[in-house]
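Architecture at a glance
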Amino acid sequence: MKKSAILFVLTFVFFASVFAQVAEQRPITLVDSVHEYDLNPHTASYTYDAQVLNGLYEGLFSYDPLTYVPTAALCTGYKISRDKKRWTFTLRSDAKFSDGSPITANDVKESWMKLLSTPYAPYASMLDCVAGAKEFREGNGKAEAVRIEVRNDTTLVLHLVEPAAHLASILCHHSFAVTGKDNVYSGAYKLDFYKNNTLVMSKNEYYYDADSVMIPQIVFIQSDDPEENTYMLNTGKADWLLSDSDFYSLNILNLDTLHLGAQFATSFLFFKTENEPWNDPDMRNALLEAIPYDTLRAEHYIAAKTLIYPLSGYPTVNGIDDYDLEDAKSLMEDARERLGIAQDEIIPLVFAINDTPLMKSQAKLLHDAWEPLGVELSVQVTPVSRYYNSIEGWNADLFSYSWVGDFADPLAFLELFKTGSSLNVAGYSDEKFDSLLLEAQKTDTAEERYKLLSKAEQFLLDEGMIIPIAHPVSLHALDLEIIGGWTLNALDIHPLKFLYIKKKTLNLPNVV
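All values reported here derive from a predicted model rather than from experimental measurement.

In this structure the tally under the stated criterion is 28 aromatic pairs. Considering the side-chain rings of Y37 and Y48, the 6.4 Å spacing of their centres and the 65° angle between planes classify their relative orientation as edge-to-face. Placement of Y37 in the loop between β1 (28–32) and α2 (47–56) and of Y48 in helix α2 is noted, with a sequence separation of eleven residues between them. Here Y37 and Y48 have matching classes, each one buried. Measuring from centroid to centroid gives 5.9 Å for Y78 and F89, while their planes differ by 35°, and the two rings are tilted. Taken together, the positions of Y78 in strand β4 (residues 75–80) and F89 in strand β5 (residues 86–91) put the pair eleven residues apart, joining distant regions of the chain.

Evaluated as defined, the whole model comprises zero disulfides. Here C129 is not cross-linked by a disulfide; its sulfur's nearest cysteine counterpart is in C172, at 14 Å. Left unpaired, C172 is separated from the closest cysteine sulfur, that of C75, by 9.5 Å. Accessibility expressed as a relative area gives 9% for C172, which makes it buried.

Attention now moves to empty space enclosed by the protein. Counted according to the given criterion, the structure contains two cavities of 30 Å³ or more. Approximately 60 Å³ is the volume found for the largest cavity. Lining the largest cavity are Y123, M126, I170, H173, F176, D406, F407, L411, A412, E415 and L423. Computed from the structure, the second largest cavity encloses a volume of approximately 40 Å³.

What follows deals with the confidence of the model for the protein chain. In the predicted model, the protein chain carries a mean pLDDT of 90, and the fraction of residues at 70 or more is 93%. For residues 506–512, every residue scores under 50 in pLDDT, and the model assigns this stretch seven contacts once sequence neighbours within four places are set aside.

With antiparallel pairing, the four strands of this open sheet are ordered in space as β4-β5-β7-β6. Pairing within the sheet leaves two strands with one partner each, and these edge strands are β4 and β6 (148–152). Each strand of the sheet is rotated relative to its neighbour by a mean of 20°, with strand direction disregarded. Pairing analysis gives five bridges linking β4 to β5, with the strands arranged antiparallel. Pairing of I80 across the sheet is with W87, part of β5. Helix α3 (residues 105–117) contacts β5, β6 and β7 (155–159) of the sheet and is inclined by roughly 165° relative to β6.

Conventions and cut-offs
- Residues numbered from 1 in each chain as written.
- Predicted model: local features only at pLDDT ≥ 70, side-chain atom pairs only at ≥ 80, totals over all residues.
- Heavy atoms only, no water.
- Phe/Tyr/Trp six-rings, centres within 6.5 Å; stacked < 30°, edge-to-face > 60°.
- Helix = DSSP H or I, 4+ residues; strand = E, 2+ residues; numbered from the N terminus.
- Buried < 20%, exposed > 50% of the residue type's maximum accessible area, 1.4 Å probe, protein only.
- Disulfide = S-S within 2.5 Å.
- 1 Å grid on protein atoms, 1.4 Å probe; cavity = no way out; pocket = protein on both sides within 12 Å on 5 of 7 lines; lining within 4 Å.
- Points joined across faces, edges and corners; volume = space filled by probe spheres on them.
- pLDDT = per-residue confidence, 0-100.
- Contact = heavy atoms within 4.5 Å.
- Pairing = 2+ DSSP bridges.
- Axes fitted to C-alpha atoms, helices over the stretch in contact; angles between N-to-C directions.

Spelled out as structure tokens, the structure:
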């Protein structure tokens, strides 16, 4: 009798353990702040757009969810020629769009050509390493001259102007994903519905790795109501509050669901150099010397002294944090004398800001800091929703920017100031800066490349072009005891195709 009872209990425990490992997959709900998603991968530039687009579209590579190194997606492999100017990609033969039609090398080429021909596509210039791409993008060359060669349905060859060691990392970005006809998708999911602040995507059954995609449906709900968002998370009606949510007003019961992480990102101010005298480095550096940086950066978790968030192996750069009002006055006097500006002349400076309390407080701080130098700061204000899109055509002298690197490489930031870059809203152009980037592109070793890129960053800082403020952090709320396949990472992009529902193990009493 006793032996039979023990055997039954052991058998039950065994099957309970096996059952605990096989989770029942279900739809999940994500809560985001209210904004309009840009679902065009060629024009989208915000992190919240990227979070949606990484589920709907895929390119030759995708991000590893933990290390964020490029991993093969629509390609099975590639090889680089000895001179490093020819990349040959082999595509999957089983890759299909969400309508079941095959994805071929020609689809990749057409997607990239469409990117190059899309006005104001922010990342288009990242393909300037391809021969003929820059000329075509700027309207000075023909499509036939762009050296994207389709050899057959599964072979694509890129002919480069110069070596581009970072190319695989770039191609992880949604801008370089493969697009097809309208309402047809190349990623693990397809769009079912987007209306009234609700976006629904469901599993793409034609996706080449559909068997590994566990979540059948993902629902994005946009809400700026802290009480409602708290209720949804605390009651399990929402599985994940995205980083854009208002966490300061939330009363989350399980604090273990909060995940705070540093981002490969920087918030900074930058000068445009269209108007005199702010096109002069000495004038800009006089202003930088007069800023009380401890006060400017006080409200941020991680203060930034440089443009690029520190990377492993990247040389140390001398950041900006020196505050000395008397030195600032002396620098201003010397610059005025050299430029023929009277010492008592009041010099105007226009600061373009969005209508948030943080930006208004920064403007007040800078106004007070620069007034002793004979500089009168005035502000021009626009709503947050229009701010970034207004910068390029806005005739002001100083702007605010917050940038998340799209791949773990210094070039993700330095491209913002490269001559002719589609990301260069500052309009900055300098031959020495550009030559350092070009020299870095040609080098053979990663160590030497980093040295040259750090010199380019140092040059930009020494020119007084930017005022680093902070390295932003991400904050998400989700229960990792329930949601698997999610990790904090510096780019704050979480590939949806890796998510799954965990099954919690039953806590059975040790009756044996």
